[in-house]
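Report on the structure
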Amino acid sequence: MTPEELITAACPKINEIGPAFYFTAETKARGKELGLDNFRFYFLGRGGVLGDTSAEVVLSAFGYFNPGLLATMWNSAKETVAPGVAAEAFYDCCGALGSSKFAGIDGLDAFNAAAEKVISAADPTGLTLFAGIAQMPMPSDPAARAMHLIAVLREFRGSAHIVALAATGISHRAAHFIHRPEMIESFGWSKEDAAGLTDADRAKLPQAEALTDKLVLGAFSALDEPGRAAMMHGLDQMTAIMGAEQP
């Protein structure tokens, strides 16, 4: 397996597993303890790795969301809880999900070593959300650590994709409408906002995806063949576990 093949195989699984803790019952309960509904806990917890900053800065790191929705969620949430406190609680939930789901996985230490090698090799320049989450404390429990590492890797590619969209000349809103039309309203947009998409917009999205892969290639290339195999072995098992629990 080449590094390019690893990216093709691994990144969709990382993208699927990484947000699995966002809206679980346990995460909702933790947010409630802090005085936050689940949506506000998501915004403040995920964005809290950037510190006590403005909604505009968080939007630049997140992309995709309607600016008005993000500002409302972020500003109202941080009136209740400091962003740093929310971030620590949010990623505690991330690790807790890993501990509950992945403890019996074969080769977990090898997966973690591979994931850490990719993250260490990644250049955070211009990758705002990745730079923020990468400095969060890492759980010591191997299963919790694996889930946390996947969340970091997801923000790595996601942040690179934000850069790739800008370089390709497609707006975050257009990319979202094309890629995830069923989620328009949950991101604060209306169907009317999707009007005006062009064939040129649609042609640019695959270009942005290809550029994203190029941007993360250097970091994934840090792995040798055993490391690439260890990463896929771990991701395959985690995907199977999470998939088996879907209704």
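Refer to the structure above for everything that follows.
Residues numbered from 1 in each chain as written. Predicted model: local features only at pLDDT ≥ 70, side-chain atom pairs only at ≥ 80, totals over all residues. Heavy atoms only, no water.

1. As for the pattern of salt bridges
Counted under the stated rule, the structure contains 9 salt bridges. A salt bridge links Arg 46 to Glu 155; the nearest nitrogen and oxygen atoms lie 2.7 Å apart. Here Glu 155 lies in helix H9 (residues 142–168) and Arg 46 lies in helix H3 (residues 38–47), a separation of 109 residues in the sequence. Residue Glu 209 pairs with Arg 157 through a salt bridge whose shortest N-O separation is 3.1 Å. Residue Glu 209 is located in helix H11 (residues 199–220), and its partner Arg 157 is located in helix H9; the two are separated by 52 residues in the primary sequence. The class of Glu 209 is partly exposed, set by a relative accessible area of 25%. In this structure Arg 157 comes out as buried when scored by relative accessible area, which is 18%. (Salt bridge = Lys/Arg side-chain N within 4 Å of Asp/Glu carboxyl O. Helix = DSSP H or I, 4+ residues; strand = E, 2+ residues; numbered from the N terminus. Buried < 20%, exposed > 50% of the residue type's maximum accessible area, 1.4 Å probe, protein only.)

2. Observations concerning the side chain of Thr 24
Of note, Thr 24 is situated in the loop between helix H1 (3–17) and helix H2 (25–33). When its relative accessible area of 18% is taken as the criterion, Thr 24 is described as buried. Within the local environment of Thr 24, its side chain forms a polar contact with the side chain of Thr 27, the two groups lying 3.0 Å apart. (Polar contact = N/O pair within 3.5 Å; in protein donor to acceptor, adjacent residues only side chain to side chain.)

3. A closer look at the nonpolar core
Grouped together as the largest cluster of nonpolar side chains are 80 residues, with contacts concentrated most on Phe 21, Tyr 91, Phe 220, Met 231, Leu 235 and Met 238. Here this core gets 13 residues from one element, more than from any other, and that element is H9. Apart from residues no more than four positions distant in its own chain, Phe 21 is found in contact with Thr 27, Phe 90, Tyr 91, Cys 93, Cys 94, Leu 97 and Met 147. (Core = buried A, V, L, I, M, F, W, Y, C linked by side-chain atoms within 4.5 Å. Contact = heavy atoms within 4.5 Å.)

4. With respect to helix H10 (residues 172–179)
Listed in full, the buried residues belonging to H10 are Ala 174, Ala 175, His 176 and Phe 177. Tucked into the core, H10 has its buried residues touching H9 and H11.

5. Digging into helix H6 (residues 83–101)
With 19 residues, H6 ought to run about 27 Å at 1.5 Å a step, and its terminal C-alpha atoms sit 27 Å apart, in line with that. Among all positions in H6, only Pro 83, Ala 86, Ala 87, Ala 89, Phe 90, Tyr 91, Cys 93, Cys 94, Gly 95, Leu 97 and Gly 98 are buried. (Expected span 1.5 Å × (residues − 1).)

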